[in-house]
Amino acid sequence: MSEKMLKFVEINREMPSKRNSDLRIEDFKEIYKHFVYDKAKEQSSRCSQCGVPFCQIHCPLQNNIPDWLKLVAEDRLQEANELAHSTNNMPEICGSICPQDRLCEGNCVIEKSGHGTVTIGSVEKYIADTAWEKGWIKPIKVLEEINQSVGIVGAGPAGLSCAEELRKSGYKVTIYDRYDRPGGLLIYGIPNFKLEKFTVERRTKLLKESGIKFIQNFEVGKDASLEKLRKKHDAILIATGVYKSREIELPGSDLKNIFPAIEFLTASNRKGLGDKVENFDNGKLNADNKNIIVIGGGDTGMDCVRTAVRQNAKSVKCLYRRDKENMPGSMREVHNAEEEGVEFIWLSNPKKFIGTSYVSSVLVEKMKLGKPDSSGRKKPEPIQNSEFEMKADLVIKALGFDPENLPKLFNSPDLSISKLGTIKIDLKTMETNLDGIFAAGDIVRGASLVVWAIRDGREAAALIQKYLEQKINKKERAA
Ligand SMILES: Cc1cc2nc3c(=O)[nH]c(=O)nc-3n(C[C@H](O)[C@H](O)[C@H](O)COP(=O)(O)OP(=O)(O)OC[C@H]3O[C@@H](n4cnc5c(N)ncnc54)[C@H](O)[C@@H]3O)c2cc1C
Ligand code: SF4
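The structure contained in this document is the topic of the report that follows. Since this is a predicted model, take the numbers as computed values, not measurements.

What counts, and where the lines are drawn
- Residues numbered from 1 in each chain as written.
- Chains lettered and ligands numbered in written order.
- Predicted model: local features only at pLDDT ≥ 70, side-chain atom pairs only at ≥ 80, totals over all residues.
- Heavy atoms only, no water.
- Near = heavy atom within 4 Å.
- Polar contact = N/O pair within 3.5 Å; in protein donor to acceptor, adjacent residues only side chain to side chain.
- Areas by Shrake-Rupley, 256 points an atom, 1.4 Å probe, with all protein chains shown as cover.
- Helix = DSSP H or I, 4+ residues; strand = E, 2+ residues; numbered from the N terminus.
- Nonpolar A, V, L, I, M, F, W, Y, C, P; charged D, E, K, R; others polar.
- Pairing = 2+ DSSP bridges.
- Axes fitted to C-alpha atoms, helices over the stretch in contact; angles between N-to-C directions.
- Contact = heavy atoms within 4.5 Å.

It is worth spelling out the site of ligand 1 at this point. In the neighbourhood of ligand 1, 34 residues make up the surrounding shell, with Ile-97, Asp-177, Tyr-243, Asp-303 and Asp-442 lying closest. Between ligand 1 and Arg-178 there is a distance of 3.1 Å, counted from a nitrogen atom to a backbone nitrogen or oxygen. In this structure, Leu-185 approaches ligand 1 through a main-chain N or O atom, which is 3.0 Å from an oxygen atom. In isolation ligand 1 exposes 1000 Å². Once the protein is present, 97% of that is buried. Within the residue set of the shell around ligand 1, elements represented by two or more residues are helix H9 (157-168), helix H15 (299-310) and helix H19 (450-478). Residues belonging to the shell around ligand 1 are distributed by class as follows: 19 nonpolar, nine polar and six charged.

Turning next to the sheet that holds strand S2 (residues 172-176). Hydrogen bonds between backbone groups are what pair the strands of a sheet, and the pairing can be parallel or antiparallel. The sheet built from five strands is open, its strands ordered S3-S2-S1-S4-S16 with parallel pairing. The outermost strands of the open sheet, each flanked by one partner alone, are strand S3 (213-215) and strand S16 (437-439). The average undirected angle you get between the axes of adjacent strands in this sheet is 20 degrees. Alignment of strand S1 (residues 149-153) against strand S4 (residues 235-238), held across four bridges, turns out to be parallel. Counted as the bridge partner of Gly-151 is Ile-236 from S4. Lying over the sheet, H19 contacts S1, S4 and S16, oriented at roughly 160 degrees with respect to S4.

Both faces of the sheet carry side chains from a regular strand, because those side chains alternate between them. Across seven bridges, strand S10 (residues 348-355) lies against strand S11 (residues 359-372) in antiparallel orientation. Note that in S11 the partner of Pro-350 across the bridge is Val-364. Hairpin remark: S10 followed by S11, antiparallel, with three residues in the connecting loop.

Across the sheet, which stays open at both edges, the five strands sit in the order S6-S14-S7-S8-S9 with parallel pairing between neighbours. This sheet does not close on itself; its edge strands, each paired only once, are strand S6 (258-260) and strand S9 (343-345). Going across the sheet, the axis of each strand differs from the next one's by a mean of 25 degrees, ignoring polarity. Pairing between strand S8 (residues 315-319) and S9: three bridges, direction parallel. The partner of Leu-319 across the bridge, within S9, is Ile-345. Strand contacts of H15: strand S7 (291-295), S8, S9 and strand S14 (394-397), with the helix running at about 170 degrees to S8, the strand carrying the most contacts.

Laid out in C-alpha coordinates, this is it:
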(Lines give C-alpha, C1' and ligand atoms only; values in the text may rest on other atoms or scores of the structure.)
(Ligands and ions follow the chains in the order given, each with its own letter.)
Protein backbone atom coordinates (compact mmCIF):
# COMPACT_ATOMS: atom_id res chain seq x y z
CA MET A 1 0.00 0.00 0.00
CA SER A 2 1.40 3.44 -0.91
CA GLU A 3 2.36 5.89 1.83
CA LYS A 4 -0.51 8.21 0.89
CA MET A 5 -3.03 5.40 1.06
CA LEU A 6 -1.74 4.30 4.44
CA LYS A 7 -2.01 7.86 5.69
CA PHE A 8 -5.58 8.06 4.42
CA VAL A 9 -6.45 4.84 6.21
CA GLU A 10 -5.01 6.12 9.48
CA ILE A 11 -6.46 9.63 9.36
CA ASN A 12 -9.90 9.02 7.95
CA ARG A 13 -10.94 5.71 9.29
CA GLU A 14 -10.52 6.97 12.83
CA MET A 15 -9.70 3.48 13.98
CA PRO A 16 -5.99 3.69 14.66
CA SER A 17 -6.17 0.68 16.92
CA LYS A 18 -6.96 -1.53 13.97
CA ARG A 19 -4.25 -2.71 11.62
CA ASN A 20 -5.06 -2.24 7.93
CA SER A 21 -5.35 -5.98 7.43
CA ASP A 22 -7.99 -6.12 10.19
CA LEU A 23 -10.19 -3.58 8.48
CA ARG A 24 -13.29 -4.91 6.81
CA ILE A 25 -15.60 -3.30 4.30
CA GLU A 26 -18.22 -2.56 6.98
CA ASP A 27 -15.68 -0.21 8.56
CA PHE A 28 -15.87 2.27 5.71
CA LYS A 29 -19.39 3.56 5.90
CA GLU A 30 -18.69 7.25 5.96
CA ILE A 31 -15.62 9.39 5.69
CA TYR A 32 -17.40 12.72 5.58
CA LYS A 33 -17.74 14.48 8.87
CA HIS A 34 -21.31 15.16 9.97
CA PHE A 35 -22.33 18.76 9.55
CA VAL A 36 -23.26 20.36 12.85
CA TYR A 37 -25.74 23.08 13.74
CA ASP A 38 -23.17 25.88 14.22
CA LYS A 39 -21.62 25.15 10.86
CA ALA A 40 -25.01 25.03 9.09
CA LYS A 41 -25.97 28.35 10.64
CA GLU A 42 -22.62 29.94 9.86
CA GLN A 43 -22.77 28.80 6.24
CA SER A 44 -26.40 29.88 5.85
CA SER A 45 -25.58 33.32 7.23
CA ARG A 46 -22.92 33.70 4.54
CA CYS A 47 -25.59 33.79 1.80
CA SER A 48 -25.72 37.38 0.61
CA GLN A 49 -29.34 36.99 -0.61
CA CYS A 50 -27.92 38.45 -3.78
CA GLY A 51 -31.23 38.74 -5.60
CA VAL A 52 -29.89 36.85 -8.62
CA PRO A 53 -30.19 33.26 -7.43
CA PHE A 54 -27.82 31.58 -9.85
CA CYS A 55 -27.59 28.69 -7.37
CA GLN A 56 -31.33 28.10 -7.72
CA ILE A 57 -31.27 28.46 -11.49
CA HIS A 58 -28.50 25.87 -11.74
CA CYS A 59 -30.19 23.39 -9.41
CA PRO A 60 -32.16 20.97 -11.63
CA LEU A 61 -34.99 21.05 -9.07
CA GLN A 62 -34.89 24.86 -8.85
CA ASN A 63 -34.70 24.46 -5.09
CA ASN A 64 -35.50 27.69 -3.28
CA ILE A 65 -31.97 27.80 -1.85
CA PRO A 66 -31.73 31.47 -0.76
CA ASP A 67 -34.97 31.18 1.21
CA TRP A 68 -34.08 27.98 3.03
CA LEU A 69 -30.63 29.36 3.83
CA LYS A 70 -32.29 32.42 5.31
CA LEU A 71 -34.63 30.25 7.40
CA VAL A 72 -31.70 28.23 8.77
CA ALA A 73 -29.82 31.43 9.61
CA GLU A 74 -32.94 32.55 11.53
CA ASP A 75 -33.24 29.19 13.41
CA ARG A 76 -36.48 28.38 11.57
CA LEU A 77 -35.48 24.83 10.70
CA GLN A 78 -38.95 23.32 10.48
CA GLU A 79 -39.98 25.87 7.87
CA ALA A 80 -36.69 25.37 6.05
CA ASN A 81 -37.47 21.66 5.95
CA GLU A 82 -40.95 22.21 4.52
CA LEU A 83 -39.52 24.47 1.85
CA ALA A 84 -36.72 22.02 1.00
CA HIS A 85 -39.23 19.16 0.66
CA SER A 86 -41.58 21.23 -1.49
CA THR A 87 -39.25 20.83 -4.47
CA ASN A 88 -37.17 17.75 -3.61
CA ASN A 89 -38.24 14.26 -2.55
CA MET A 90 -34.81 13.37 -1.15
CA PRO A 91 -33.00 16.53 0.05
CA GLU A 92 -30.54 14.67 2.30
CA ILE A 93 -29.58 12.37 -0.58
CA CYS A 94 -29.04 15.20 -3.07
CA GLY A 95 -27.20 17.17 -0.38
CA SER A 96 -24.80 14.21 -0.06
CA ILE A 97 -24.20 13.19 -3.65
CA CYS A 98 -25.06 15.96 -6.11
CA PRO A 99 -21.93 17.18 -7.89
CA GLN A 100 -22.54 20.61 -6.36
CA ASP A 101 -19.37 22.03 -7.94
CA ARG A 102 -21.10 21.66 -11.32
CA LEU A 103 -24.56 22.75 -10.12
CA CYS A 104 -25.69 25.02 -7.26
CA GLU A 105 -22.38 25.68 -5.48
CA GLY A 106 -20.40 26.16 -8.68
CA ASN A 107 -22.76 29.05 -9.50
CA CYS A 108 -22.97 30.67 -6.07
CA VAL A 109 -22.31 34.39 -6.44
CA ILE A 110 -19.93 34.36 -3.45
CA GLU A 111 -17.96 31.57 -5.12
CA LYS A 112 -17.84 33.58 -8.34
CA SER A 113 -16.48 36.60 -6.46
CA GLY A 114 -13.63 34.43 -5.14
CA HIS A 115 -14.76 34.06 -1.52
CA GLY A 116 -15.69 30.39 -1.54
CA THR A 117 -19.19 29.02 -2.05
CA VAL A 118 -21.81 28.64 0.64
CA THR A 119 -21.81 24.86 1.21
CA ILE A 120 -25.38 24.50 -0.04
CA GLY A 121 -25.40 20.70 -0.29
CA SER A 122 -24.26 20.23 3.31
CA VAL A 123 -26.90 22.66 4.60
CA GLU A 124 -29.60 20.89 2.57
CA LYS A 125 -28.52 17.55 4.06
CA TYR A 126 -28.41 19.08 7.53
CA ILE A 127 -31.98 20.42 7.21
CA ALA A 128 -33.42 17.05 6.13
CA ASP A 129 -31.30 14.99 8.56
CA THR A 130 -32.57 17.19 11.40
CA ALA A 131 -36.14 16.74 10.17
CA TRP A 132 -35.74 12.95 10.26
CA GLU A 133 -34.21 13.13 13.71
CA LYS A 134 -37.01 15.33 15.06
CA GLY A 135 -39.76 13.21 13.48
CA TRP A 136 -40.98 15.96 11.15
CA ILE A 137 -40.98 13.65 8.15
CA LYS A 138 -44.17 11.60 8.16
CA PRO A 139 -45.86 9.11 5.81
CA ILE A 140 -48.42 10.52 3.39
CA LYS A 141 -52.01 10.33 4.64
CA VAL A 142 -54.41 9.90 1.73
CA LEU A 143 -57.81 11.19 2.74
CA GLU A 144 -59.71 10.05 -0.33
CA GLU A 145 -58.10 7.47 -2.57
CA ILE A 146 -58.70 7.85 -6.29
CA ASN A 147 -59.83 4.70 -8.01
CA GLN A 148 -57.09 4.74 -10.61
CA SER A 149 -53.75 2.97 -10.40
CA VAL A 150 -50.29 3.57 -11.78
CA GLY A 151 -47.65 0.88 -12.26
CA ILE A 152 -44.07 2.06 -12.03
CA VAL A 153 -41.27 -0.08 -13.44
CA GLY A 154 -38.05 0.69 -11.55
CA ALA A 155 -37.51 1.72 -7.93
CA GLY A 156 -34.65 4.16 -8.56
CA PRO A 157 -34.90 7.88 -7.75
CA ALA A 158 -37.06 8.59 -10.83
CA GLY A 159 -39.59 5.86 -9.98
CA LEU A 160 -39.63 6.64 -6.25
CA SER A 161 -40.16 10.38 -6.72
CA CYS A 162 -42.94 9.83 -9.24
CA ALA A 163 -44.59 7.33 -6.89
CA GLU A 164 -44.47 9.73 -3.95
CA GLU A 165 -45.97 12.62 -5.91
CA LEU A 166 -48.78 10.45 -7.34
CA ARG A 167 -49.56 9.06 -3.91
CA LYS A 168 -49.76 12.60 -2.50
CA SER A 169 -52.47 13.23 -5.10
CA GLY A 170 -54.34 10.11 -3.95
CA TYR A 171 -53.55 7.53 -6.67
CA LYS A 172 -52.91 3.85 -6.04
CA VAL A 173 -49.29 3.13 -6.91
CA THR A 174 -47.41 -0.12 -7.38
CA ILE A 175 -43.65 -0.20 -8.02
CA TYR A 176 -42.11 -3.23 -9.72
CA ASP A 177 -38.37 -3.80 -9.49
CA ARG A 178 -36.13 -6.63 -10.56
CA TYR A 179 -33.79 -6.32 -7.59
CA ASP A 180 -34.41 -7.56 -4.07
CA ARG A 181 -34.16 -4.04 -2.60
CA PRO A 182 -35.67 -0.76 -3.82
CA GLY A 183 -33.44 2.25 -4.54
CA GLY A 184 -31.88 1.45 -7.93
CA LEU A 185 -28.37 2.85 -8.21
CA LEU A 186 -28.84 4.63 -4.88
CA ILE A 187 -28.64 1.24 -3.21
CA TYR A 188 -26.38 -0.90 -5.42
CA GLY A 189 -24.39 1.58 -7.57
CA ILE A 190 -23.28 4.56 -5.48
CA PRO A 191 -20.76 3.39 -2.84
CA ASN A 192 -21.80 3.52 0.81
CA PHE A 193 -18.93 5.81 1.78
CA LYS A 194 -20.63 8.48 -0.38
CA LEU A 195 -24.21 7.64 0.51
CA GLU A 196 -25.12 5.80 3.67
CA LYS A 197 -27.65 3.17 2.74
CA PHE A 198 -29.92 3.64 5.73
CA THR A 199 -30.86 7.02 4.23
CA VAL A 200 -32.24 5.23 1.16
CA GLU A 201 -33.90 2.52 3.24
CA ARG A 202 -35.72 4.98 5.47
CA ARG A 203 -37.05 6.79 2.38
CA THR A 204 -38.45 3.59 0.86
CA LYS A 205 -39.88 2.53 4.24
CA LEU A 206 -41.69 5.88 4.40
CA LEU A 207 -43.18 5.29 0.94
CA LYS A 208 -44.37 1.81 2.00
CA GLU A 209 -45.98 3.36 5.07
CA SER A 210 -47.63 5.86 2.73
CA GLY A 211 -49.49 3.03 1.01
CA ILE A 212 -47.26 2.55 -2.05
CA LYS A 213 -46.96 -1.13 -2.95
CA PHE A 214 -43.48 -2.48 -3.72
CA ILE A 215 -43.08 -5.71 -5.70
CA GLN A 216 -39.40 -6.69 -5.64
CA ASN A 217 -37.65 -9.46 -7.60
CA PHE A 218 -40.09 -8.78 -10.41
CA GLU A 219 -38.54 -8.31 -13.81
CA VAL A 220 -40.79 -6.77 -16.42
CA GLY A 221 -40.26 -8.76 -19.59
CA LYS A 222 -39.63 -11.96 -17.67
CA ASP A 223 -42.29 -12.05 -14.96
CA ALA A 224 -44.86 -10.10 -16.97
CA SER A 225 -44.83 -8.34 -20.32
CA LEU A 226 -45.23 -4.58 -20.50
CA GLU A 227 -48.55 -5.11 -22.23
CA LYS A 228 -49.86 -7.26 -19.40
CA LEU A 229 -48.85 -4.64 -16.87
CA ARG A 230 -50.48 -1.93 -18.96
CA LYS A 231 -53.78 -3.79 -18.83
CA LYS A 232 -53.54 -3.99 -15.06
CA HIS A 233 -53.00 -0.26 -14.48
CA ASP A 234 -54.47 2.98 -15.79
CA ALA A 235 -50.98 4.27 -16.62
CA ILE A 236 -47.40 3.01 -16.52
CA LEU A 237 -44.10 4.74 -15.93
CA ILE A 238 -40.90 3.13 -17.21
CA ALA A 239 -37.97 4.25 -15.03
CA THR A 240 -35.55 1.38 -15.51
CA GLY A 241 -32.26 3.26 -15.72
CA VAL A 242 -29.33 2.23 -17.93
CA TYR A 243 -27.41 -0.92 -17.05
CA LYS A 244 -25.55 -2.25 -20.09
CA SER A 245 -21.86 -1.76 -19.26
CA ARG A 246 -19.77 -0.52 -22.19
CA GLU A 247 -17.23 -3.12 -23.21
CA ILE A 248 -13.65 -2.94 -24.33
CA GLU A 249 -12.64 -5.58 -26.85
CA LEU A 250 -8.91 -6.23 -26.61
CA PRO A 251 -6.66 -9.26 -26.80
CA GLY A 252 -7.00 -11.00 -23.44
CA SER A 253 -10.44 -9.52 -22.68
CA ASP A 254 -11.68 -12.98 -21.77
CA LEU A 255 -9.08 -13.48 -19.00
CA LYS A 256 -10.44 -13.94 -15.50
CA ASN A 257 -10.44 -11.11 -12.94
CA ILE A 258 -11.57 -8.46 -15.41
CA PHE A 259 -14.95 -7.11 -14.30
CA PRO A 260 -17.41 -4.36 -15.20
CA ALA A 261 -17.58 -1.57 -12.60
CA ILE A 262 -21.19 -2.27 -11.66
CA GLU A 263 -20.35 -5.86 -10.60
CA PHE A 264 -17.51 -4.66 -8.40
CA LEU A 265 -19.61 -1.87 -6.84
CA THR A 266 -22.71 -4.03 -6.35
CA ALA A 267 -20.69 -6.69 -4.54
CA SER A 268 -19.18 -4.04 -2.30
CA ASN A 269 -22.56 -2.44 -1.56
CA ARG A 270 -24.21 -5.79 -0.87
CA LYS A 271 -21.41 -6.63 1.54
CA GLY A 272 -21.90 -3.26 3.26
CA LEU A 273 -25.62 -4.08 3.56
CA GLY A 274 -24.77 -7.32 5.34
CA ASP A 275 -25.44 -9.78 2.48
CA LYS A 276 -23.44 -12.91 1.91
CA VAL A 277 -21.60 -12.22 -1.34
CA GLU A 278 -19.84 -15.30 -2.60
CA ASN A 279 -17.64 -13.53 -5.15
CA PHE A 280 -16.53 -11.04 -2.54
CA ASP A 281 -15.86 -13.61 0.14
CA ASN A 282 -13.90 -15.84 -2.24
CA GLY A 283 -11.77 -12.84 -3.20
CA LYS A 284 -12.86 -12.48 -6.84
CA LEU A 285 -14.51 -9.09 -6.39
CA ASN A 286 -12.47 -8.00 -3.40
CA ALA A 287 -9.53 -5.62 -3.88
CA ASP A 288 -7.85 -6.59 -0.60
CA ASN A 289 -4.07 -6.74 -1.00
CA LYS A 290 -4.30 -6.58 -4.82
CA ASN A 291 -2.92 -4.34 -7.53
CA ILE A 292 -5.99 -2.75 -9.02
CA ILE A 293 -6.30 -1.08 -12.41
CA VAL A 294 -9.46 0.87 -13.16
CA ILE A 295 -10.04 1.84 -16.79
CA GLY A 296 -12.05 5.04 -17.26
CA GLY A 297 -12.03 8.55 -15.84
CA GLY A 298 -15.71 9.20 -15.13
CA ASP A 299 -17.53 9.33 -11.80
CA THR A 300 -18.05 5.57 -11.81
CA GLY A 301 -14.30 5.12 -12.25
CA MET A 302 -13.71 7.40 -9.25
CA ASP A 303 -16.17 5.34 -7.18
CA CYS A 304 -14.27 2.18 -8.13
CA VAL A 305 -10.82 3.50 -7.26
CA ARG A 306 -12.02 4.91 -3.95
CA THR A 307 -13.84 1.67 -3.09
CA ALA A 308 -10.66 -0.29 -3.87
CA VAL A 309 -8.69 1.95 -1.46
CA ARG A 310 -11.24 1.20 1.25
CA GLN A 311 -10.91 -2.51 0.57
CA ASN A 312 -7.24 -2.27 1.43
CA ALA A 313 -5.80 -2.65 -2.08
CA LYS A 314 -2.03 -2.89 -2.45
CA SER A 315 -2.07 -0.26 -5.21
CA VAL A 316 -4.80 1.50 -7.17
CA LYS A 317 -4.18 2.98 -10.61
CA CYS A 318 -6.60 4.69 -12.94
CA LEU A 319 -6.01 4.69 -16.70
CA TYR A 320 -7.51 7.52 -18.66
CA ARG A 321 -6.86 8.25 -22.32
CA ARG A 322 -7.09 12.04 -22.07
CA ASP A 323 -5.44 14.39 -19.54
CA LYS A 324 -6.68 15.67 -16.19
CA GLU A 325 -8.22 18.82 -17.64
CA ASN A 326 -10.33 16.72 -19.99
CA MET A 327 -11.58 14.19 -17.49
CA PRO A 328 -15.35 13.68 -17.63
CA GLY A 329 -15.73 13.07 -13.89
CA SER A 330 -16.19 15.63 -11.14
CA MET A 331 -12.87 17.34 -10.26
CA ARG A 332 -13.80 17.11 -6.60
CA GLU A 333 -13.90 13.33 -6.88
CA VAL A 334 -10.54 13.28 -8.69
CA HIS A 335 -8.98 15.39 -5.90
CA ASN A 336 -10.47 13.06 -3.27
CA ALA A 337 -9.04 10.03 -5.06
CA GLU A 338 -5.63 11.67 -5.42
CA GLU A 339 -5.62 12.55 -1.73
CA GLU A 340 -6.35 8.94 -0.90
CA GLY A 341 -3.31 7.77 -2.84
CA VAL A 342 -4.82 6.71 -6.16
CA GLU A 343 -2.33 7.03 -9.00
CA PHE A 344 -3.69 8.48 -12.22
CA ILE A 345 -1.99 7.44 -15.43
CA TRP A 346 -3.13 10.23 -17.72
CA LEU A 347 -3.01 9.93 -21.51
CA SER A 348 -2.90 6.17 -21.47
CA ASN A 349 -4.97 3.45 -23.04
CA PRO A 350 -5.01 -0.31 -22.46
CA LYS A 351 -3.85 -2.28 -25.52
CA LYS A 352 -3.80 -5.83 -24.27
CA PHE A 353 -4.59 -7.85 -21.15
CA ILE A 354 -1.78 -10.24 -20.33
CA GLY A 355 -1.96 -13.49 -18.34
CA THR A 356 -2.49 -17.20 -18.74
CA SER A 357 -5.84 -17.87 -17.15
CA TYR A 358 -6.07 -14.81 -14.89
CA VAL A 359 -4.98 -11.29 -15.81
CA SER A 360 -1.51 -10.49 -14.42
CA SER A 361 -0.71 -7.23 -16.22
CA VAL A 362 -2.00 -4.73 -18.73
CA LEU A 363 -0.09 -3.52 -21.76
CA VAL A 364 -0.64 0.22 -21.87
CA GLU A 365 -0.08 2.63 -24.73
CA LYS A 366 0.70 6.34 -24.22
CA MET A 367 -1.60 8.82 -25.94
CA LYS A 368 -1.41 12.43 -27.06
CA LEU A 369 -4.23 14.85 -27.67
CA GLY A 370 -4.94 15.72 -31.29
CA LYS A 371 -7.48 18.03 -32.92
CA PRO A 372 -10.95 18.41 -31.38
CA ASP A 373 -13.51 15.84 -32.58
CA SER A 374 -17.21 16.45 -33.33
CA SER A 375 -17.91 16.79 -29.59
CA GLY A 376 -15.37 19.64 -29.34
CA ARG A 377 -13.03 17.61 -27.12
CA LYS A 378 -9.45 16.91 -28.22
CA LYS A 379 -9.17 13.45 -29.70
CA PRO A 380 -6.67 11.10 -28.05
CA GLU A 381 -4.22 9.53 -30.49
CA PRO A 382 -1.74 6.72 -29.75
CA ILE A 383 1.99 7.46 -29.59
CA GLN A 384 3.90 4.89 -31.64
CA ASN A 385 6.15 2.46 -29.71
CA SER A 386 5.17 3.89 -26.34
CA GLU A 387 3.81 0.69 -24.76
CA PHE A 388 4.63 -0.32 -21.22
CA GLU A 389 3.34 -3.01 -18.89
CA MET A 390 1.52 -2.51 -15.59
CA LYS A 391 1.00 -5.21 -12.99
CA ALA A 392 -2.65 -6.03 -12.28
CA ASP A 393 -4.45 -8.59 -10.12
CA LEU A 394 -7.88 -7.15 -10.77
CA VAL A 395 -9.01 -4.94 -13.67
CA ILE A 396 -12.21 -2.94 -13.45
CA LYS A 397 -13.83 -1.55 -16.59
CA ALA A 398 -15.59 1.75 -15.91
CA LEU A 399 -16.37 2.91 -19.44
CA GLY A 400 -19.96 4.01 -18.95
CA PHE A 401 -23.40 2.56 -19.46
CA ASP A 402 -25.85 2.16 -22.32
CA PRO A 403 -29.53 1.28 -22.19
CA GLU A 404 -30.52 -2.35 -22.48
CA ASN A 405 -32.63 -3.36 -25.47
CA LEU A 406 -35.97 -2.60 -23.84
CA PRO A 407 -38.35 -3.38 -26.74
CA LYS A 408 -36.82 -6.87 -26.81
CA LEU A 409 -36.51 -7.24 -23.04
CA PHE A 410 -40.09 -6.10 -22.45
CA ASN A 411 -41.39 -8.18 -25.31
CA SER A 412 -42.74 -4.92 -26.66
CA PRO A 413 -41.33 -4.45 -30.19
CA ASP A 414 -43.53 -1.37 -30.82
CA LEU A 415 -41.92 0.70 -28.04
CA SER A 416 -40.06 3.49 -29.79
CA ILE A 417 -36.39 4.09 -28.89
CA SER A 418 -33.68 6.47 -30.06
CA LYS A 419 -30.51 5.51 -31.95
CA LEU A 420 -28.77 5.32 -28.58
CA GLY A 421 -31.39 2.91 -27.22
CA THR A 422 -32.98 5.42 -24.81
CA ILE A 423 -36.79 5.56 -24.76
CA LYS A 424 -38.29 8.26 -26.97
CA ILE A 425 -40.91 10.40 -25.28
CA ASP A 426 -43.06 13.34 -26.26
CA LEU A 427 -41.25 16.13 -24.43
CA LYS A 428 -44.51 17.91 -23.58
CA THR A 429 -46.30 14.89 -22.12
CA MET A 430 -43.44 12.48 -21.26
CA GLU A 431 -45.56 9.78 -22.90
CA THR A 432 -43.90 7.16 -25.08
CA ASN A 433 -45.42 6.25 -28.44
CA LEU A 434 -47.63 3.74 -26.55
CA ASP A 435 -50.84 5.07 -25.03
CA GLY A 436 -50.65 5.59 -21.25
CA ILE A 437 -47.01 4.49 -21.01
CA PHE A 438 -44.64 7.20 -19.78
CA ALA A 439 -40.88 7.15 -19.22
CA ALA A 440 -38.42 9.10 -17.04
CA GLY A 441 -34.89 9.19 -15.62
CA ASP A 442 -31.75 7.65 -17.10
CA ILE A 443 -33.69 5.45 -19.52
CA VAL A 444 -34.76 8.65 -21.29
CA ARG A 445 -31.72 10.90 -20.70
CA GLY A 446 -28.95 8.31 -20.78
CA ALA A 447 -26.66 7.96 -17.74
CA SER A 448 -27.17 11.15 -15.74
CA LEU A 449 -27.61 12.26 -12.13
CA VAL A 450 -29.89 11.48 -9.22
CA VAL A 451 -31.18 15.06 -9.06
CA TRP A 452 -32.25 14.91 -12.72
CA ALA A 453 -33.97 11.57 -12.13
CA ILE A 454 -35.92 13.15 -9.25
CA ARG A 455 -36.91 16.08 -11.40
CA ASP A 456 -38.06 13.76 -14.19
CA GLY A 457 -40.00 11.62 -11.73
CA ARG A 458 -41.79 14.67 -10.35
CA GLU A 459 -42.62 16.00 -13.80
CA ALA A 460 -43.82 12.59 -14.94
CA ALA A 461 -46.16 12.43 -11.93
CA ALA A 462 -47.76 15.76 -12.84
CA LEU A 463 -48.19 14.71 -16.47
CA ILE A 464 -49.52 11.25 -15.60
CA GLN A 465 -52.04 12.93 -13.32
CA LYS A 466 -53.13 15.17 -16.20
CA TYR A 467 -53.51 12.08 -18.43
CA LEU A 468 -55.55 10.24 -15.80
CA GLU A 469 -57.82 13.23 -15.19
CA GLN A 470 -58.47 13.52 -18.92
CA LYS A 471 -59.28 9.81 -19.00
CA ILE A 472 -61.91 10.27 -16.29
CA ASN A 473 -63.33 13.34 -18.02
CA LYS A 474 -63.66 11.39 -21.27
CA LYS A 475 -65.47 8.57 -19.46
CA GLU A 476 -67.82 11.04 -17.80
CA ARG A 477 -68.57 12.74 -21.11
CA ALA A 478 -69.23 9.39 -22.75
CA ALA A 479 -71.56 8.27 -19.93
C1 LIG B 1 -21.46 3.90 -9.83
C2 LIG B 1 -22.38 5.06 -9.98
C3 LIG B 1 -22.22 6.16 -9.16
C4 LIG B 1 -23.04 7.26 -9.30
N5 LIG B 1 -22.85 8.33 -8.48
C6 LIG B 1 -23.66 9.38 -8.57
C7 LIG B 1 -23.50 10.49 -7.70
O8 LIG B 1 -22.60 10.52 -6.87
N9 LIG B 1 -24.37 11.53 -7.81
C10 LIG B 1 -25.40 11.52 -8.71
O11 LIG B 1 -26.17 12.47 -8.74
N12 LIG B 1 -25.56 10.49 -9.57
C13 LIG B 1 -24.72 9.42 -9.52
N14 LIG B 1 -24.90 8.37 -10.37
C15 LIG B 1 -26.01 8.41 -11.35
C16 LIG B 1 -27.36 8.08 -10.70
O17 LIG B 1 -27.24 6.99 -9.84
C18 LIG B 1 -28.41 7.81 -11.77
O19 LIG B 1 -28.46 8.91 -12.66
C20 LIG B 1 -29.81 7.63 -11.15
O21 LIG B 1 -29.80 6.60 -10.19
C22 LIG B 1 -30.83 7.31 -12.24
O23 LIG B 1 -32.06 7.07 -11.64
P24 LIG B 1 -33.17 6.18 -12.35
O25 LIG B 1 -34.31 6.13 -11.40
O26 LIG B 1 -33.42 6.68 -13.72
O27 LIG B 1 -32.52 4.71 -12.53
P28 LIG B 1 -31.85 3.70 -11.52
O29 LIG B 1 -31.38 4.33 -10.29
O30 LIG B 1 -30.87 2.96 -12.34
O31 LIG B 1 -33.04 2.71 -11.13
C32 LIG B 1 -33.64 1.88 -12.09
C33 LIG B 1 -34.35 0.72 -11.41
O34 LIG B 1 -35.06 -0.01 -12.42
C35 LIG B 1 -34.96 -1.39 -12.14
N36 LIG B 1 -35.18 -2.14 -13.38
C37 LIG B 1 -34.43 -2.13 -14.50
N38 LIG B 1 -34.95 -2.94 -15.43
C39 LIG B 1 -36.06 -3.50 -14.87
C40 LIG B 1 -37.05 -4.44 -15.34
N41 LIG B 1 -36.99 -4.97 -16.55
N42 LIG B 1 -38.04 -4.79 -14.50
C43 LIG B 1 -38.12 -4.27 -13.25
N44 LIG B 1 -37.22 -3.37 -12.77
C45 LIG B 1 -36.22 -2.99 -13.57
C46 LIG B 1 -33.57 -1.55 -11.58
O47 LIG B 1 -33.49 -2.73 -10.80
C48 LIG B 1 -33.41 -0.28 -10.75
O49 LIG B 1 -33.81 -0.50 -9.42
C50 LIG B 1 -24.07 7.26 -10.28
C51 LIG B 1 -24.22 6.16 -11.12
C52 LIG B 1 -23.39 5.07 -10.99
C53 LIG B 1 -23.54 3.89 -11.91
S1 SF4 C 1 -30.53 19.33 -5.20
FE2 SF4 C 1 -28.33 19.24 -5.72
S3 SF4 C 1 -28.03 20.98 -7.10
FE4 SF4 C 1 -29.99 21.31 -6.04
S5 SF4 C 1 -29.48 22.57 -4.22
FE6 SF4 C 1 -29.42 20.41 -3.59
S7 SF4 C 1 -27.27 19.84 -3.81
FE8 SF4 C 1 -27.55 21.71 -5.01
